[in-house]
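Breakdown of the fold
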Amino acid sequence: MCRHLAWLGRPRSLASLVLEPPSSLLVQSWAPRRQRYGTVNADGWGVGFFAPGRSGPARWRSARPLWADPSFASVAPVLDSGCVVAAVRSATVGMPLEESAVAPFTDGRWLLSHNGRVDRSVLPPVRDAESTVDSALLAALVFSRGLRALGTTVREVAAADPDARLNLLAADGTRLLATTWGDTLSALVTAEGTALASEPWDDDPAWTDVPDRHLVEVTPDGLTLTPLD
Ligand code: GLN
């Protein structure tokens, strides 16, 4: 369903990540190339990013489609960051349509996006979820268990709901963490930094597909893949 991306590396403008590539998140919001569930991502969008001198991330989210946010398009070329998480949303049937239901969710230093769906009734009760949307409840669970336990938490939730799709993408300013569980994810490792994205934002042959059911960790030292089952 949704499409998300993250960047860790040399600071670059939010426009260069979200708006400018030929198959950017902006384009993916109406014409995703690899989306398996849903066709357009018009139920809101969000970006979270870390800036020097701030302890936590800054966020810009909206319940509107990304293409209907001209104010963001105006400021995005002058907002630079070396650690970013962004997402465009295609709401799961029955889920609330509101800004607080849009990724990235946040807790302390962490940002987190969920591409997928989960039966809310299998999730243990959580406090401080930002919305009643399944992704916000899942984010609150992941935050409460701690990001170190991300792989374990995903396996537990998948065992409780075998139909769950659990592609998660998180960042704390110094690292990215991601899981693949039921949907696509690609990685681009360059000299300037590393991108993870639900689908490549251009046709650079250096993009590689992350296999399903894996945990991905990205630090300034590189990318590590660990099987989840
Ligand atoms: N289930 C979440 C929602 O409704 C995420 C959907 C998605 O991945 N498209 O927002």
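Residues numbered from 1 in each chain as written. Predicted model: local features only at pLDDT ≥ 70, side-chain atom pairs only at ≥ 80, totals over all residues.

Things to note about the overall build of the chain
Basically, it comes down to this: Helix and strand labels come from DSSP, where a helix needs a run of H or I of at least four residues and a strand needs a run of E of at least two; each type is numbered from the N terminus. C-alpha atoms define the radius of gyration in this analysis, and the globule rule sets the expected value at 2.2 Å times the number of residues to the power 0.38. Backbone-placed C-beta atoms define the burial measure: a residue is buried with 20 or more other C-beta atoms within 10 Å of its own, exposed with 12 or fewer, and partly exposed in between.
A count of helices and strands for the chain gives 5 helices and 13 strands. Scaling as 2.2 N^0.38, a compact globule of 229 residues should have a C-alpha radius of gyration of about 17 Å, and the chain matches this with 16 Å. Each of the three principal axes of the chain carries a C-alpha extent, and together these read 40 × 35 × 35 Å. Across the 229 residues that make up the chain, the buried fraction comes to 45%.

A closer look at unusual backbone geometry
With the exception of glycine, the majority of residues adopt a negative phi angle, and the majority of peptide bonds are in the trans configuration. The omega torsion across A103 and P104 is 5°, close enough to zero to call that bond cis. Here P104 is to be found in the loop between β4 (80-88) and β5 (105-107). Even without being a glycine, D128 presents a positive backbone phi close to 65°. Here D128 lies in the loop between β6 (110-117) and α4 (134-145). For D128, a count of 10 C-beta atoms within 10 Å translates into the label exposed.

Considerations on the sheet that holds strand β13 (residues 222-227)
The criterion, for reference: For two strands to pair, DSSP has to find at least two bridges joining them. In this analysis an axis means a line fitted to C-alpha atoms, helices contributing only their contacting stretch, and an angle means the value between N-to-C directions, from 0 to 180 degrees. Here, residue contact means that the backbone-derived C-beta atoms of the two residues sit within 7 Å.
An order of β5-β6-β7-β8-β12-β13 is seen for the 6 strands of this open sheet, with the pairing classed as antiparallel. The open sheet has two edge strands, β5 and β13, and neither has a second partner. Within the sheet, the average angular offset between the axes of one strand and its neighbour, ignoring direction, is 20°. As judged from the 7 bridges shared by β6 and strand β7 (residues 165-171), these two strands associate in the antiparallel manner. Bridge pairing in β7 places N115 opposite N167. Along the sheet face, α4 touches β5, β6 and β7 and points at about 135° away from the line of β6. Across the sheet, helix α5 (residues 150-160) is in contact with β7, β8 (176-180), β12 (214-219) and β13; its angle to β7 comes to roughly 160°.

Let's talk about the sheet that holds strand β1 (residues 3-13)
The strand order across the open sheet formed by 7 strands is β3-β2-β4-β1-β10-β9-β11, and the pairing between neighbours is antiparallel. Strand pairing shows two members of the sheet lacking a second neighbour, β3 (58-62) and β11 (208-209), which therefore form its edges.

Regarding the pairing of strand β10 (residues 193-197)
Examined bridge by bridge, β1 and β10 share 5 bridges and lie antiparallel to one another. Bridge assignment links L5 to a residue of β10, and that residue is A197. Where strand β9 (residues 186-189) and β10 come together, 4 bridges link them in antiparallel fashion. Each residue of the ladder has a partner; that of V189, found in β10, is T194. The turn joining β9 and β10, which pair antiparallel and follow one another in sequence, is formed by 3 residues.

Focus: the UniProt feature "domain: Glutamine amidotransferase type-2" (unreviewed entry) in the chain
Condition: UniProt positions are given in the numbering used here, feature names are shortened, and annotations may be inferred rather than shown by experiment.
In this structure's numbering, the residues bearing the UniProt feature "domain: Glutamine amidotransferase type-2" (unreviewed entry) are residues 2-221. Annotation note: span residues 2-221, helix share 17%, strand share 32%, distance between end C-alpha atoms 29 Å.

Digging into the packing of α4 against α5
Selection criterion: The scheme is simple: roughly parallel for angles under 35 degrees, roughly antiparallel for over 145, roughly perpendicular for 65 to 115, oblique for anything else. Should the near helix be turned counterclockwise from the far one by less than a right angle, the crossing is left-handed, whereas a clockwise turn marks it as right-handed.
Closest axis-to-axis distance for the α4/α5 pair is 9 Å, and the angle between their directions is 135°. What the angle tells us is that α4 and α5 run oblique. Crossing of α4 against α5: the hand is right-handed. Between α4, through L138, L141, V142 and R145, and α5, the contact on the second element is made entirely by L150, T153 and V157.

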